[in-house]
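# Notes for the structure review
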Amino acid sequence: MKNTEPALLSKAKAPRAHSPRRQASAASPARRQPKLYPSTAKAAALVLGMHRSGTSSVAGALVRLGAKAPNALMQPDSGNAKGYFESIALMRLNDEILASAGSVWHDWRAFSEDWAASAAAREFEAKGVATLSQEFGDASLIVVKDPRISRMTPFWMRIFDRAGYVVRVFMPVRSPLEVARSLRARYGFPISKGLLLWLRHVLDAEISSRNLPRAVFHWGDFLTDWRLTMDRAAEQTGLIWPRLSDWSAAEIDAFISSELQHEIVEPAAMLAHPDVSEWVRAVYRAMIALAKDPTSDSARQTLDDVRSDFGRASKIFGRALVEFEENMTLALGQAGEARIEVGNIRQDAANERLRADALSAQLDVLLAERAALAEQLASLRAERDRLTPQAAE
């Protein structure tokens, strides 16, 4: 019979004296132990955070540590050459959910709380359970990653509960300015919009997962020392990595590299940037504080204060900015179409140059052949002129 028990700790483990990584973890600030669930439960490693925040690299590491990846896996592309580790089916379902609530993935406003009580929500809840079954089967430990879930985590918790999963949250924190610049490079979003998106996703993900077993960590620390980061994450979430070995560690070493971080911003530059508001600065500092001390009351208070202020401001200015954002989206779409057209013209020009070069090469061959034939003709005429007097005698 197939073992369907997840890799969950049955009790808190004492640090081993001979393990430097365990000693480092034991020296970290005191934190509340996660609630431990029955060993018969399935576990979902839920990766939360804004797009371009390092969530793909974390999900990829979780897969190599033994969590099951979705069946319909989004393929790597120019935007993420090492892969997204994201379910296409879940992404499409979440886009449908957002559309049914009058939103889109790049909306910085709060997801509608009223929607969760609608008939549409009940239908999507059933679809969510079916999609999890389709993507992960009866696997005991799965990895779920779609940044869209960060804005509607409470709804997805209903789905996980109904599907029989306990949830453990992994939340990498990346510099908001790096995220905004990456979004600009990828989608053409203004820096200001990218920062608003980061703020919304981080605030919503944090409050929705605050009472769940979770690991909050700086993405830069993860890139620098994934072993220490994931070792501490295992202790915080109560998970054991079923595939942790020298071989899997070598795979993750090869997978994680500086190439994953295309946008690098020094902390001082981020804090001094004119588009980085005090809200963004405060939330970033608070999240870094939570990464160091998950029980920090001051960090949580800061996050609550900013969330409240941001919520009020969103209700005041959100509707007024809709027309502007629609025009911006239209302009970005037209700019994208223009870039495609320019690219096509350049490709056509390049093809014509290749064709001209090929014709030029053919002409050179024909001219060389003509010169050779002319030389042969001249030789034959000379031979004819030499033989003609002899024939007359």
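Look up: the structure comes first, before these words.
Residues numbered from 1 in each chain as written. Predicted model: local features only at pLDDT ≥ 70, side-chain atom pairs only at ≥ 80, totals over all residues. Heavy atoms only, no water.

### Topic: the nonpolar core
Core analysis: the largest hydrophobic core is formed by 62 residues, its most contacted members being Leu-132 and Trp-156. Looking at which element gives the most residues to this core, the answer is helix H12 (residues 278-292), with nine residues. Once residues lying within four places of it in the same chain are set aside, the contact partners of Leu-132 are Leu-90, Gly-137, Val-144, Trp-156, Ile-159, Phe-160, Ala-163 and Tyr-165. In terms of nonpolar packing, the next biggest core, distinct from the first, is built from 30 residues, Ala-41, Phe-85, Trp-219 and Trp-226 among them. (Core = buried A, V, L, I, M, F, W, Y, C linked by side-chain atoms within 4.5 Å. Buried < 20%, exposed > 50% of the residue type's maximum accessible area, 1.4 Å probe, protein only. Helix = DSSP H or I, 4+ residues; strand = E, 2+ residues; numbered from the N terminus. Contact = heavy atoms within 4.5 Å.)

### Overview of unusual backbone geometry
Positioned with a positive phi, Arg-52 is a non-glycine residue whose angle comes to about 70°. If you check the backbone angles, Phe-85 has positive phi at about 55° while not being a glycine. With respect to the helices, strands and loops of the structure, Phe-85 is situated in the loop between helix H2 (55-64) and helix H3 (88-100).

### Here we look at the pattern of salt bridges
In total, this model carries 20 salt bridges according to the counting rule given. Of the charged contacts, one joins Arg-186 and Asp-77 as a salt bridge, the two residues approaching to 3.4 Å between their closest N and O atoms. Within this pair, whereas Arg-186 is found in helix H6 (residues 176-187), its partner Asp-77 is found in the loop between H2 and H3, the two being separated by 109 residues in sequence. Take Arg-186: its relative accessible area is 31%, and that puts it in the partly exposed class. On the basis of relative accessibility, which here comes to 32%, the residue Asp-77 falls in the partly exposed class. In this structure, Asp-253 and Arg-227 form a salt bridge, with 2.5 Å as the shortest nitrogen-oxygen distance. Of the two residues, Asp-253 sits in helix H10 (residues 246-255) while Arg-227 sits in helix H9 (residues 226-237), which places them 26 residues apart along the sequence. According to the relative accessible area criterion, Asp-253 is partly exposed, its value standing at 36%. (Salt bridge = Lys/Arg side-chain N within 4 Å of Asp/Glu carboxyl O.)

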